[in-house]
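Given next are the chains, with one letter for each unit.
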Amino acid sequence: MGDLSAHFSKKEFACHCGCGFDQVKQELVAKLEKLRELCGGKPLRINSGCRCAKHNKTVGGAKNSQHLYGTAADVAQVPGISIDQMAKFAEQAGFDGIGKYNNRIHVDIRGCKARWDYRK
Ligand SMILES: [Zn+2]
Ligand SMILES: [Zn+2]
């Protein structure tokens, strides 16, 4: 049992710079639980959750990145599930923004639809 939901804990979403920013939105976590269920109940690894402005700059994040607001998460590819399939599950889970990358997907709750594919 995580401290945010059944399977997620604040520390998984904390900014990687060590600043302590981990104010992730509960709606995001609820949708991640749905995504986890759709992925067959396999654990989801959060590559990046919250980011302070400084860390967002360090990692080359978009200027107005949803990660700054605790409304986004990058989820590592689940072994045995393709990125396309994960993105489909993310649609079903009800995320607003869904981005495809080589080894992860980005999901967010920005309030309007956004789709991108940055795979190389
Ligand atoms: Zn930080
Ligand atoms: Zn992201």
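Residues numbered from 1 in each chain as written. Chains lettered and ligands numbered in written order. Predicted model: local features only at pLDDT ≥ 70, side-chain atom pairs only at ≥ 80, totals over all residues.

Draft legend 1. Expanded view of the pairing of strand E4 (residues 104-108). Among the five residues in E4, four count as buried, and that is most of the element. Examined bridge by bridge, strand E2 (residues 72-76) and E4 share five bridges and lie antiparallel to one another. Looking at E4, one finds that Ala76 is bridged to Arg104. Across four bridges, strand E3 (residues 97-100) lies against E4 in antiparallel orientation. Considered in E4, the bridge of Ile98 is made with Val107. From the end of E3 to the start of E4, which pair antiparallel, there are three residues. (Buried ≥ 20, exposed ≤ 12 C-beta atoms within 10 Å, placed from the backbone. Helix = DSSP H or I, 4+ residues; strand = E, 2+ residues; numbered from the N terminus. Pairing = 2+ DSSP bridges.)

Draft legend 2. Region of the structure containing helix H2 (residues 26-38). Along its 13 residues, H2 runs 19 Å from first to last C-alpha, staying within 8% of the 18 Å computed at 1.5 Å per residue. Along H2, the positions that sit buried rather than exposed are Leu28, Val29, Lys31, Leu32, Leu35 and Arg36. Along the axis of H2, the buried residues cluster in a sector spanning 165°; they form a single face. Turned more than 90 degrees off the buried face of H2, the exposed positions are Gln26 and Glu27. (Expected span 1.5 Å × (residues − 1). Arc of directions from axis to C-beta.)

Draft legend 3. The arrangement of the nonpolar core in detail. Membership of the largest hydrophobic core comes to 23 residues, with the highest contact counts inside it found for Val24, Val29, Leu32, Ala73, Ala90, Ile105 and Val107. Breaking this core down by element, the ones donating at least two residues are H2, E2, helix H4 (83-93) and E4. The element that contributes the greatest number of residues to this core is H2, accounting for four residues. Excluding anything up to four places from it in sequence, Val107 contacts Ala72, Ala73, Val75, Ala90, Phe95, Gly97 and Ile98. (Core = buried A, V, L, I, M, F, W, Y, C linked by C-beta atoms within 7 Å. Contact = placed C-beta atoms within 7 Å.)

Draft legend 4. Local environment of H4. The set of residues buried in H4 consists of Met86, Phe89 and Ala90. Along the long axis of H4, the arc covered by the buried residues comes to 105°, so they all point the same way. Exposed residues pointing more than 90 degrees away from the buried face of H4 are listed as Asp84 and Gln92. The secondary structure elements touched by the buried residues of H4 are H2, E3 and E4. Directly after H4, the chain includes Gly94, whose backbone phi takes a positive value near 95°.

Draft legend 5. Quick peek at the sheet that holds strand E1 (residues 46-48). Spatially, five strands are ordered E1-E2-E4-E3-E5 in an open sheet, and the strand pairing comes out mixed. Two strands bound the open sheet, and with one partner strand each, they are E1 and strand E5 (114-117). Here the average twist between neighbouring strands, direction ignored, is 25°. Here two bridges tie E1 to E2, and the two strands are oriented antiparallel to one another. Note that in E2 the partner of Ile46 across the bridge is Val75. (Axes fitted to C-alpha atoms, helices over the stretch in contact; angles between N-to-C directions.)

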